[in-house]
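# An overview of the molecular structure
Residues per chain are reported as follows:
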Amino acid sequence: MTIVDFHHHAPLASYVRRLTALGIQAQPGAPFPVWEPADSLAMMERLGIDLAVLSVASPGFWFGDQAFTTQLCRDTNDELTEVVRDGGGRFTAVACLPLPSVEAALAEVERVYDRPEFSGVGLLTSYSGAYVGHSKFDALLEILNERGAFVHVHPVLPAWWPEGEIPLRPSVLEYLFDSTRLITNLLLTDVPRRFPRIRWVFSHCGGAMPVVAPRMALAEGMPQLAAVVEQGGVLEALAAFGYDTALSHTAADLGALLTYLDDSRIVLGTDFPFSSLDEVAERYELLRAYLGDTPRREAVLSGNARAVLGL
């Protein structure tokens, strides 16, 4: 069984250095972990993971200067290419895109998408206050749809984060809520129907969506959800997306998600190295125990990921 980790960060030293120079941390109150590819390989050996899908996600690339964003994404994608090439077949990656400029993002898709080191693209939930379903991003989604792209989505600090009101790191609450907002945004803007060939995988079992979904289904009589109802309803629409298990391995999150979609839509995610090796190992064993010694375990840890990646 080829075990694939779909949510595996690569906080490249050059990326961290450039953000640190701007006073930007991994998230407010949390420094970046020190990382090099050998750390990931050691983690994979310990857990028996065969392939990691590398991403450079939150806190992202947009900090108010498009020229900086464009250059940072180009350099990061080139460095990711080298990491994968040197990884002995243990890595693939998703390319980062210099949004909010759609023009720059399209140019970067053209530049790197067909490199064999990349399996798809990584997007964040929002850019400069606009969620990915906003019409301003339609030209990018159209190109990704034409390519039948795999898109991994990671949450980011929302533009209106109420700093100081709830003194917790944003990853505890805000990241979950922002994933939920983005998925809702995609449904309300009819993105799944308009761009049906994009293969979405959302982080952390979709954030709070496993709990919110039944509440949304109760709202299907609202005119804003008419297009979703025409496609079979909220739960059916959500069941067409993919979700990774990063930090989501219990009956409260993964179990809730599995009440309205089948296990063909779930892939393994570890969140390494933002979660330490010991933390990842503990959660991985809890996930394996929750899945049981069943075909579901093989699907989540291996089969579904191989289908997405074409392995």
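Note: the structure precedes this text.
Residues numbered from 1 in each chain as written. Predicted model: local features only at pLDDT ≥ 70, side-chain atom pairs only at ≥ 80, totals over all residues. Heavy atoms only, no water.

Throughout the structure, instances matching the rule amount to seven aromatic pairs. Consider the rings of Trp200 and Phe202, whose centres lie 6.0 Å apart with planes at 5 degrees: the pair is stacked. You can call Trp200 buried: its relative accessible area is 5%. Note on Phe202: relative accessible area 1%, which makes it buried. Feature note: the residues Trp200, Phe202, Phe241 and Tyr243 constitute an aromatic cluster, connected by ring pairs. (Phe/Tyr/Trp six-rings, centres within 6.5 Å; stacked < 30°, edge-to-face > 60°. Buried < 20%, exposed > 50% of the residue type's maximum accessible area, 1.4 Å probe, protein only.)

Turning our attention to the pairing of strand β2 (residues 51-55). Regular strands show a simple pattern: their side chains alternate between the two faces of the sheet. Among the five residues in β2, five count as buried, and that is most of the element. The two faces of β2 match: Leu51, Val53 and Ser55 on one face and Ala52 and Leu54 on the other face are all buried. Note: β2 against strand β3 (residues 91-96), three bridges, orientation parallel. Residue pairing in the sheet places Val53 in a bridge with Thr92 of β3. (Helix = DSSP H or I, 4+ residues; strand = E, 2+ residues; numbered from the N terminus. Pairing = 2+ DSSP bridges.)

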